[in-house]
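Residue-level listing of the chains:
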Amino acid sequence: MKVLIAGFDLFGSVGGGQTYYQNIIRRNPAIEFHYFRMHEAKNQPLPANARALEFGEWIANGNRDLEVDLEVPLWAFSVFQWAQNMARSVAGARYDVVEIPDYYQFGFFLRPAFRQFDVSAGRIVLSMHGTISTSVALNWWSDGTAIPWLRQIERMQYEAVDQRYFISEFYRDEWRSYSSQASHYLDPMWFFDVPKPLPYQPRTELPVMRFIGRIEKRKGPDLAVNLAWWLPRSTYDHLEI
């Protein structure tokens, strides 16, 4: 089986999505996985079943060396560009499955882009991790409202793919209120191993607190700061974010 993960720098960058896909690739050595390289080093060590493909940007930064469909509305043109560039980067390829993480939005345009560049995809699957529109709506500078065009293209992408799956029942139930399309739920613990505890080796006299995550509001760095503020200063060494 040959799978294209429509993501970038999976082994050369750090994040929840990257960790998730790294585990999928390592746990399925019989499947050949492809993904796109943008900034990842060419000598980045990869599992034997992983292939990093060069991502070409033919219509970015003013380069219009590609036929452009002028019927695409301006609010959707940026994600249309991503789909066109992605399809051209794998022109003529054949895949059993193409998987898109839902923190990207180009899925609505991907199938016609594949047809244009003679890419065969047995099925297109949407992996539900968390949409950008929600992160934007909940971020520091926001008044709590979503960007309408971004929310719209995410909903259109959800309808356009062949299959959808979640690793969160809460997130699955949220999307059931938006769409009646069938979806699947997979236990997230299938994708991750809980490491065995290592012997505690303190490096400071008092414990160090660490917040692991990006500093966008949805991740809750303010909760870590509040916790440090509430605790007596004599009870911890410092807080790291």
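Because the structure is a prediction, the values reported are computed rather than measured.

Engineer: I'm lost on the pattern of salt bridges in this one. Help?
Structural biologist: Close approach of charged atoms allows side chains with opposite charge to pair. For the structure on display, the rule yields eight salt bridges. Here arginine 172 makes a salt bridge to aspartate 173, at a shortest N to O gap of 3.1 Å. For aspartate 173, a relative accessible area of 39% translates into the label partly exposed. A salt bridge links arginine 214 to glutamate 216; the nearest nitrogen and oxygen atoms lie 2.9 Å apart. Look at the salt bridges and you will find they share partners, linking Arg172, Asp173 and Arg176 into a network.

Engineer: I would appreciate a short explanation of helix H3 (residues 107-116) in the present structure.
Structural biologist: One full turn of an α-helix is made of 3.6 residues, so residues set three or four places apart face in the same direction. Taken together, the buried positions of H3 are Gly107, Phe109, Leu110, Ala113 and Phe114. The arc that holds the buried residues of H3, viewed along the axis, is 140 degrees, so those residues lie on one side. Residues of H3 that are buried sit in contact with strand E1 (2-8), helix H2 (77-89), strand E4 (94-101), strand E5 (120-128) and helix H5 (148-160).

Engineer: Would you mind showing me how to read the layout of surface pockets here?
Structural biologist: Take a probe with the size of a water molecule and roll it over the atoms, and the empty space left behind shows itself. Each pocket or cavity is described by its volume, and for the largest pocket that value is around 970 Å³. Gly15, Gly16, Gly17, Arg214 and Lys219 are the residues nearest the centre of the largest pocket, which is lined by 32 residues in total. At the level of secondary structure, the elements contributing two or more residues to the lining of the largest pocket comprise E1, helix H1 (16-27), helix H4 (132-137) and helix H6 (169-176). With five residues, H1 is the single largest residue contributor to the lining of the largest pocket. In terms of residue class, the lining of the largest pocket is built from 13 nonpolar, 14 polar and five charged.

Engineer: Would you mind going over the sheet that holds strand E2 (residues 32-37) with me for this structure?
Structural biologist: One key point about sheets: their strands pair by backbone hydrogen bonds, in either a parallel or an antiparallel sense. The sheet built from seven strands is open, its strands ordered E3-E2-E1-E4-E5-E6-E7 with parallel pairing. This sheet does not close on itself; its edge strands, each paired only once, are strand E3 (50-54) and strand E7 (184-185). Sheet topology places E4 next to E5; seven bridges connect them, and they run parallel. Its bridge partner being in E5, arginine 94 is matched across the sheet by serine 120. In the packing of H6 onto the sheet, contacts are made with E5, strand E6 (163-166) and E7, and the angle to E6 comes to roughly 135 degrees.

Engineer: Help me understand the side chain of arginine 164 in this model?
Structural biologist: With respect to the helices and strands, arginine 164 occurs in strand E6. The side chain of arginine 164 sits in the buried core without any salt bridge; glutamate 159 is the nearest counter-charge, 5.8 Å away. At a separation of 3.1 Å, a polar atom in the side chain of arginine 164 contacts the main-chain carbonyl oxygen of valine 161. Excluding anything up to four places from it in sequence, arginine 164 contacts Leu126, Tyr158, Glu159, Gln181, Ala182, Ser183 and His184.

Engineer: Honestly, the pairing of E6 in this entry has me stumped. Any pointers?
Structural biologist: Two faces belong to every sheet, and in a regular strand the side chains alternate between them. Alignment of E5 against E6, held across four bridges, turns out to be parallel. Pairing of serine 127 across the sheet is with tyrosine 165, part of E6. Bridge count for E6 against E7 is two bridges, and the pairing is parallel. Each residue of the ladder has a partner; that of phenylalanine 166, found in E7, is tyrosine 185. Chirality of the crossover, the property in question, places the unit of E6, H6 and E7 among those that are right-handed.

Engineer: Mind showing me how you'd approach the environment of isoleucine 100 here?
Structural biologist: Counting through the fold element by element, isoleucine 100 comes out in strand E4. Contact partners of isoleucine 100, with chain neighbours within four places excluded, come to Ala6, Tyr21, Phe106, Gly107, Leu110, Ile124, Val125, Leu126, Ser127 and Gln157.

Cut-offs and rules
- Residues numbered from 1 in each chain as written.
- Predicted model: local features only at pLDDT ≥ 70, side-chain atom pairs only at ≥ 80, totals over all residues.
- Heavy atoms only, no water.
- Salt bridge = Lys/Arg side-chain N within 4 Å of Asp/Glu carboxyl O.
- Buried < 20%, exposed > 50% of the residue type's maximum accessible area, 1.4 Å probe, protein only.
- Helix = DSSP H or I, 4+ residues; strand = E, 2+ residues; numbered from the N terminus.
- Arc of directions from axis to C-beta.
- Contact = heavy atoms within 4.5 Å.
- 1 Å grid on protein atoms, 1.4 Å probe; cavity = no way out; pocket = protein on both sides within 12 Å on 5 of 7 lines; lining within 4 Å.
- Points joined across faces, edges and corners; volume = space filled by probe spheres on them.
- Nonpolar A, V, L, I, M, F, W, Y, C, P; charged D, E, K, R; others polar.
- Pairing = 2+ DSSP bridges.
- Axes fitted to C-alpha atoms, helices over the stretch in contact; angles between N-to-C directions.
- Lys, Arg positive; Asp, Glu negative; His and termini not counted.
- Polar contact = N/O pair within 3.5 Å; in protein donor to acceptor, adjacent residues only side chain to side chain.
- Right-handed = clockwise from strand over helix to strand, strands pointing away.

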